[in-house]
Amino acid sequence: MKIISSRDVLLKPLSFIGSVVERRQTLPILSNVHLRLEAKRLSLTGTDLEVELIAGVDGVEGGDGECTVAARKLLDICRALPEDAQLEFSADGDKALIRSGRSRFTLQTLPAGDFPRLEADDWAFEATVSQGELKGLFDRIGFAMAQQDVRYYLNGTLIDIRGATMVAVATDGHRLARSEIKLDSAAAERHSAIVPRKAVQELGRLLEYSDEPVKLQMSQNHVRAEFGNLVFTSKLIDGRYPDYEKVVPSAVNVRLALEHDRFRDTLHRASILTNEKFRGVRITLSEGLLKAVTTNPDQEEAVDEMPIAYDGEEMEVGFNVGYLLDAIHALGGDEVEFALKDANSSCILRTPGTEATFYLVMPMRL
Amino acid sequence: MASSPAVPERSILHVDMDAFFASVEERDNPELRGLPVIVGGIGRRGVVSAASYAARRFGVHSAMPTARARRLCPDGVYLAPRMQRYQEISRQVFSIFHDFTPLVEGLSIDEAFLDVSGCHQLHGDIETIGRAIKKEVRARTGLTASVGMAYNKFLAKLASDLEKPDGLVRITPANLRATLDPLPVTRLWGLGKRSAERAHQAGIHTIGELLATPVGALEALFGRQAEHYRCLAEGRDQRAVVPSREEKSIGSEQTFAHDLRRPQEWERVLLAHADKVAGRLRAASLSARTVQVKIRTGDFSTYTRRHSLAVATCETAAIYQQACELLRAWHREHGDAGLRLLGVSVAGFEALEQGDLFAVPGGERELDAVVDRIREQFGAGAIRRGRLLGHRDRSD
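Residues numbered from 1 in each chain as written. Chains lettered and ligands numbered in written order. Predicted model: local features only at pLDDT ≥ 70, side-chain atom pairs only at ≥ 80, totals over all residues. Heavy atoms only, no water.

A.B. asks: Would you mind going over the overall build of chain B with me for this structure?
C.D. replies: Along the backbone of chain B there are 15 helices and 13 strands. Taken over 396 residues, chain B has a buried fraction of 47%. Excluding contacts between residues fewer than 6 apart, the proportion of contacts in chain B whose partners are at least 24 apart in sequence is 65%. Summed over all atoms, the accessible surface of chain B reaches about 19,500 Å², with 52% contributed by carbon and sulfur. (Helix = DSSP H or I, 4+ residues; strand = E, 2+ residues; numbered from the N terminus. Buried < 20%, exposed > 50% of the residue type's maximum accessible area, 1.4 Å probe, protein only. Contact = heavy atoms within 4.5 Å. Areas by Shrake-Rupley, 256 points an atom, 1.4 Å probe, with all protein chains shown as cover.)

A.B. asks: It is not clear to me how the packing of aromatic side chains should be interpreted in this structure. Could you clarify?
C.D. replies: The description of two aromatic rings rests on the distance between their centres and on the angle between their planes. All names here are of chain B. Scanning all chains against the criterion turns up 11 aromatic pairs over all chains. With centroids separated by 5.0 Å and ring planes inclined at 85°, the aromatic side chains of Phe222 and Tyr229 adopt a geometry described as edge-to-face. Look at Tyr229 and you get buried, because its relative accessible area is 2%. Ring centres of Trp266 and Trp330 lie 6.3 Å apart, and the angle between their planes is 70°; this geometry places the pair in the edge-to-face category. With Trp266 in helix H13 (residues 263-283) and Trp330 in helix H14 (residues 316-334), this pair connects stretches of sequence that are 64 residues apart. (Phe/Tyr/Trp six-rings, centres within 6.5 Å; stacked < 30°, edge-to-face > 60°.)

A.B. asks: Looking at this structure, how should I read the packing of helix H1 (residues 7-20) of chain A against helix H4 (residues 197-206) of chain A?
C.D. replies: Two numbers describe a pair of packed helices, the interaxial angle and the distance between the axes. Residue and element names in this part refer to chain A. Where H1 meets H4, the axes come as close as 11 Å, and the angle between the chain directions of the two elements is 160°. By the criterion of interaxial angle, the relationship of H1 to H4 is roughly antiparallel. Crossing of H1 against H4: the hand is right-handed. From H1, Phe16, Ser19 and Val20 reach across to H4, where they touch Lys198, Glu202, Arg205 and Leu206. Considering only residue class, the contact of H1 with H4 consists of 3 nonpolar, 1 polar and 3 charged. (Axes fitted to C-alpha atoms, helices over the stretch in contact; angles between N-to-C directions. Parallel < 35°, antiparallel > 145°, perpendicular 65-115°, else oblique. Left-handed = near helix turned anticlockwise from the far one by under 90°. Nonpolar A, V, L, I, M, F, W, Y, C, P; charged D, E, K, R; others polar.)

A.B. asks: I tried to follow the pairing of strand E6 (residues 111-115) of chain B on my own but got confused; where do I start?
C.D. replies: A regular strand places its side chains so that they alternate between the two faces of the sheet. Residue and element names in this part refer to chain B. Burial of E6 is extensive: 5 of the 5 residues sit out of reach of the surface. Where strand E1 (residues 12-17) meets E6, 5 bridges bridge the pair, whose relative direction is antiparallel. Directly across from Val15, in E6, lies its bridge partner Ala112. By the bridge criterion, 4 bridges tie strand E5 (residues 104-108) to E6 in an arrangement that is antiparallel. Residue pairing for E6: Gly106 is matched across the bridge by Ala112. The hairpin formed by E5 and E6 contains 2 residues between the paired strands. (Pairing = 2+ DSSP bridges.)

A.B. asks: Got a minute to help me understand the packing of H1 of chain A against helix H2 (residues 71-80) of chain A in this structure?
C.D. replies: Residue and element names in this part refer to chain A. Look at H1 against H2: their axes get within 9 Å of each other, and the N-to-C directions meet at 140°. Crossing of H1 against H2: the hand is left-handed. Contact residues: Arg7, Leu10, Leu11, Leu14, Ser15 and Gly18 in H1; Arg72, Leu74, Leu75, Cys78 and Arg79 in H2. Of the residues in the contact of H1 with H2, the class split is 6 nonpolar, 2 polar and 3 charged.

A.B. asks: Any chance you could explain empty space enclosed by the protein here in plain terms?
C.D. replies: Leftover empty space is mapped by rolling, across the atoms, a probe with the size of a water molecule. All names here are of chain A. A complete count under the given rule lists 4 cavities of 30 Å³ or more for this structure. Its volume calculated, the largest cavity comes out at about 70 Å³. Lining the largest cavity, in full, are Leu134, Phe138, Ile159, Ile161, Met166, Val195, Leu203, Leu216, Met218 and Val223. Those elements giving two or more residues to the lining of the largest cavity turn out to be helix H3 (131-141), strand E11 (156-162) and strand E15 (213-218). Residue classes in the lining of the largest cavity are distributed as 10 nonpolar, no polar and no charged. Put simply, the second largest cavity is a space of about 40 Å³. As for the second largest cavity, its lining consists of Ile3, Leu10, Leu14, Leu35, Leu44, Leu74, Leu87 and Phe89. In terms of residue class, the lining of the second largest cavity is built from 8 nonpolar, no polar and no charged. (1 Å grid on protein atoms, 1.4 Å probe; cavity = no way out; pocket = protein on both sides within 12 Å on 5 of 7 lines; lining within 4 Å. Points joined across faces, edges and corners; volume = space filled by probe spheres on them.)

A.B. asks: For this particular structure, what's the right way to read helix H4 (residues 83-100) of chain B?
C.D. replies: Counting along an α-helix, one turn takes 3.6 residues, and residues three or four places apart therefore face a common direction. For H4 of chain B, which comprises 18 residues, the first-to-last C-alpha distance of 26 Å matches the rise-based estimate of 26 Å (1.5 Å per residue) to within 8%. Among the residues of H4 of chain B, those classed as buried are Arg85, Tyr86, Gln87, Ile89, Ser90, Val93, Phe94, Ile96, Phe97 and Phe100 of chain B. (Expected span 1.5 Å × (residues − 1).)

A.B. asks: Is there a simple way to think about a negative patch on the surface in this case?
C.D. replies: Residue and element names in this part refer to chain A. A cluster of acidic side chains, namely Glu133, Glu208, Asp211 and Glu212, defines a negative patch on the protein surface. Along the polypeptide, Glu133 turns up in helix H3. Under the relative-accessibility criterion, Glu133 is labelled partly exposed at 38%. (Patch = residues over 30% accessible without salt bridge, like charges linked within 9 Å, V, L, I, M, F, W, Y side chains within 5 Å. Salt bridge = Lys/Arg side-chain N within 4 Å of Asp/Glu carboxyl O. Lys, Arg positive; Asp, Glu negative; His and termini not counted. Charge placed at Lys NZ, Arg CZ, Asp CG, Glu CD.)

A.B. asks: Before we go on, may I ask you to explain the environment of Gln86 of chain A in this structure?
C.D. replies: Residues and elements named next belong to chain A. Here Gln86 shows up in strand E7 (residues 86-92). Separated by 13 residues in sequence, Gln86 and Arg99 have C-alpha atoms that sit 8.6 Å apart. What Gln86 contacts, discounting residues up to four positions off in sequence, is Ser5, Ser6, Arg99, Ser100 and Gly101.

Here it is, written out as C-alpha cells:
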C-alpha cells in the first residue's frame, strides 16, 4: 500500500487514535494503528479491545492496501515534520517507509489480518443528538464515575433511555451525578447500559461543542457513536447498576438558594487547608450564617463564612469539600440550591427550579 | 562552630516528660507528691509503665514486672494507668511544641523531637527555646520535662537523658567529646545487649574506647553495623525530624491472669478490644486504614500482624473481622499455643468517615452509633456485645 498526503491531514486523526491506544500493551499489535486505503478513503483504526476508534480521511492519493504500524511513532513523526510537509508512506513486506523532504523513517509493520476488531452485534436502539448536547451531558456527570473500584459497574456511566429522554448517571458510591438530554425520537422500550469510564472520557474529548449530529447506537453488548469522520465503538460493562432513584432523599428539611460564586469561593478558600487524605469540611448552618471549617493534621484551621437566608435550628454536616466543589463547578449559573435532610443523609445540589440535572453528596460522619 | 560544609547546621531538641504517667497522677493528687508512685498493670502479671523518681530510688523502673516492684517497694502507691487522662495532657504538651515549630516528631505519648532550625529569628537561640519550652510545659501542665539540645537527633536524645529529671543539656561540637567519650557504648542508638557483650569482651566499654578502636576491629565485632556505630560515636546523625500526627495509633491490649489456650476465647478478647478501639476512633471522629494484632505467647515471644483495609473504617465489626483473620493466620502458622497477651490497634487515620450512598440501612455503622450513644449516657458497661456477656474481663 502507499499513501501520499500532507502531514496536516494525517495529524488530527492520528492524535485521536493515539489517545485510544494504551501506552502499555500486553499484545504488541494493540500499540499499532491499522491503516487501510481503499478508493481514496483512508481509514485509521486504534483499539484496546474495549474501545475502538475508526477515523476516516477522504481524497487520499496512493495505492490501495492495508497494514499496521506503531501508532505512537507514526504520530510523533507527523508531529515533528514541518507544518506544510508532504509525506509518502509505503508498506512492503514487514517494513514501512516514510519519506518527507530529507527525512526517512523505516518502521516495522505487523500483519493487518491480525489486527483485532470489535465485532458489534445487532443494534437494538438508535437515536441522533447533537455533538454539543452529548458532550455537555458527559461533562456534567463524568467526574463522578468511580475509578478502579471493586464494584466494577461503578467504573462507568449508566445510560438509561426512557422514551425520548436519555438519562446519564455516574457515581463512586460517595457522590452521584445525574443529568439528561432529549432525543429526537422516543424509544419504544427502556434501554439501559453501563458505558465504561474510558469510553466516556474519550468521547468527551472527541466530541465538540457544535450542532453537528451524532448517531448513537446501542446493542446488548456495545455502544457506538458516529460523528464527523469518526466511528467510536465501546463494549459495555456487564453488571447491575445500583438503583440511583432510591438514594435520592425523598424529603428535605433545609433548602437554601445560594449565590453560586460566593458559595464556591467560600468552599474553595476553606479547602486550601485540606489535603488529599483529609478533604473534610464542616459546614455549620445557623441563623443567617453558613460557616465552612476545615482542619488538617498539622493542626491548621480555615474558617470561612457567608450570610444565608436560614432561620432553622443550628445544624452541622461534614462533606468532602472536593465533591461539593465538583458539583458546584459543573452546575454553573447564578444560584445553587443546597438541600439537606439531616447530617446523615445525602445533600442535593442543583440549579433552583430545575430537575433534569442534580448532584447528591453523601456526608462524612462528624 | 565546626560542622561539615555539606550539612547545614541544625537545631534539634528532644523533649522527654519526666516519669510522665506517675507525674500526672501526682499532679492530679497532690497528696501523692514525693511518694513512690508506680503506674502499671497492678495485677499478678502486670508490668510497670512508669515509676516516680521516689519509686526509682527503690530500684523500680518501667517494664519491670509489677510483682517484682512490689517486693522492692512494698509501701509504694500502685495505680492502674488512666490512658485517657495522659493523652489529654499529652495533647496539651504537644500543642506547646507546635507553638514553637511545625516540625514536631512525636516518638510516643511523652517525648518528641523538634527541629527549630528555622525558628531562631522568632524564638531566639536553641537554649532560649529549650528553656522557654520547659517553662511553658510547667506553666500549662504543672509537669517537668527534660530537654536535650544538639545539632542532630541522636545527640539531642542523648542530651535529654543526661540530667533527668528537669534536665536541660546542650551538646555542641565543643563539648561533644567530653560528653560522649565516658558514656557506655549502650548509649549508641541501636547497640543492644548482645552487641554490648561482644564489645565488652573486646575491652570496649565506653564510646571513647569504641572510637579509639580500628575500623577493621569494629567490623569484625559488629559487621555491617560497625559504620553506623562509628558515625554515632563521632556524633554524626543525618536523620531528619519528620513531623507526625500526635497519635500514630490507637490500641487496646491486655495481659491475661492465665494463658488463654482456646481460639474461641482469643476471639472474644479480640472483639472486646476491637470494640474499645473502634469506640475511641468514633469518639475522635477518625477512621483507620490499618488493623494490627499483637500476640504474646506464654514464653514471652511477641508477634505483630497487620493488614491495610481498602477503605478506612471505624466500625467495630470491620476491625474485629480483620483482627480475627490476622489471628487465625497466625494460628495456622504457629499452631496451638497459650497466649499471655492479646491486643488490637489501628493506624493510618483519616479524619471523618465518608458515608456510602448505597449503605444498607440498619447496618453495622448504625448499630455502633446506637451503642456509642447508650455508653455515653449510661457508661461503658451499660451495653456489650452478646458474645461478651457472661464472661468477666480476665484482665488483671
